[in-house]
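Chain by chain, the residues run as shown.
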Amino acid sequence: MSAFHPPLRPTPSSGSPALTPRTITPLGITTVDIPVLPFPLTDAEITVQVRVALHEDQAFNDVSTVATVATTRHVRSAILARRDGVIAGVPLAVEAFRQLDSAVSIRVEAYDGTRVKAGDVVMHVSGHARGMLSAERTALNYLQHLSGIATLTSRFVDAVAGTSALILDTRKTTPGWRALEKYAVRAGGGTNHRMDLRGGVLIKDNHLAAIGGDIAMAVSRARGLALSGTVIEVECDTLEQVDATIAAGADAVLLDNMSLEQLSEAVARCRGRVITEASGGVTLDTVRRIAETGVDRISVGALTHSAPALDFGLDFDGL
């Protein structure tokens, strides 16, 4: 078991769809992007996730739409990206429209993981006007949030291109949304750190404080308890702790809030012995310089806790 989950594929460098666009029928909705980027939820989980969101918005009791739109009105629309970015969340958006109109016809133009330009069409939607209007906000909310994460991740990945560093996320995710947010990181070309507390051992400063700072004892206990193959990582604030972590036989060292000079020295001490990960206050302005120290991985909590939404709009284009 590894604590690190690599990206499932490279993010395309152009706005071209990853697959040939096709019409998605109601029965095929939840397999929209599976040939390219496996979705983290099952068909049943997607159905429940979206239904809860629609009920939260009272989409099945949309007074505004019922009062103004005839039940027989059919429309065509397109969801467009209003900013450059990377798409994530298409299966959820499609499912939102399907649950309000089981006969809806959807043509996906940009699958999850695809880079788009402002003005590019993500999907065409054709069906009952009432269902489309009632599902619109939920569908766009999924796309905006997850595509925002994918887009910010892609910017960090682009910033370190040509170095050996991978961009990792953290466990700083929205409660209940971790699988989706970490999926969006992969859509943006990033790499998942451990998915949860069972997925790897990370001995942090407070763990060490609780046992008197004994790194050797912490690593030994973790090695004895964890499943074979589990990555054992220790958070280090000083070079002395780095040396102790190496001596204790850990697999990885998290270099927390170190200066560039400290990072370079730590990488030199760790090279060929343990995996190095830089963390703490990483920004788009600093990530390239951090990567150039030679660290193997750079973890960025902002990917999931501070990514701005990517703007989309749904526009009717005919009756």
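All values derive from a computational prediction rather than experimental measurement.

Novice: I'd like a description of the state of the cysteines, backed by residues and values.
Specialist: The tally for this structure, following the rule as stated, stands at 0 disulfides. Between C236, a cysteine without a disulfide, and C270, which holds the nearest cysteine sulfur, the sulfur-to-sulfur distance is 7.7 Å. Taking the relative accessible area as the measure of exposure, C270 reaches 0% and is therefore buried.

Novice: Explain the pairing of strand 9 (residues 232-236) to me, using residue names and the numbers behind them.
Specialist: The buried count for strand 9 comes to 5 of 5 residues, which makes it a mostly enclosed element. Of the two faces of strand 9, the one carrying I232, V234 and C236 and the one carrying E233 and E235 are both buried. Sheet topology places strand 8 (residues 201-203) next to strand 9; 3 bridges connect them, and they run parallel. When the sheet's bridge partners are listed, V201 is paired in strand 9 with I232. Judged from the 4 bridges that link them, strand 9 and strand 10 (residues 252-256) form a sheet pairing that is parallel. Bridged to C236 within strand 10 is L255.

Novice: Summarise the layout of surface pockets; cite the residues concerned and give the values.
Specialist: To locate leftover empty space, one rolls a probe as large as a water molecule over the atoms. Its volume calculated, the largest pocket comes out at about 410 Å³. T170, K172, K204, S279 and S299 are the residues nearest the centre of the largest pocket, which is lined by 21 residues in total. Of all the secondary-structure elements, those providing two or more residues to the lining of the largest pocket are strand 10, strand 11 (275-279) and helix 11 (302-305). For the lining of the largest pocket, a count of residues per class yields 5 nonpolar, 8 polar and 8 charged.

Novice: For helix 1 (residues 43-56), give the residues involved together with the corresponding values.
Specialist: For helix 1, with 14 residues, the first-to-last C-alpha span of 20 Å sits near the 20 Å given by 1.5 Å per residue. Buried residues of helix 1: I46, V50, A53 and L54, and no others. The buried residues of helix 1 occupy an angular sector of 100° when projected down its axis, which confines them to one face. For helix 1, the exposed residues set more than 90 degrees away from the buried face come down to A44, V48, V52 and E56. A positive phi of about 55° marks Q58, the residue just after helix 1.

Parameters and conventions
- Residues numbered from 1 in each chain as written.
- Predicted model: local features only at pLDDT ≥ 70, side-chain atom pairs only at ≥ 80, totals over all residues.
- Heavy atoms only, no water.
- Disulfide = S-S within 2.5 Å.
- Buried < 20%, exposed > 50% of the residue type's maximum accessible area, 1.4 Å probe, protein only.
- Helix = DSSP H or I, 4+ residues; strand = E, 2+ residues; numbered from the N terminus.
- Pairing = 2+ DSSP bridges.
- 1 Å grid on protein atoms, 1.4 Å probe; cavity = no way out; pocket = protein on both sides within 12 Å on 5 of 7 lines; lining within 4 Å.
- Points joined across faces, edges and corners; volume = space filled by probe spheres on them.
- Nonpolar A, V, L, I, M, F, W, Y, C, P; charged D, E, K, R; others polar.
- Expected span 1.5 Å × (residues − 1).
- Arc of directions from axis to C-beta.

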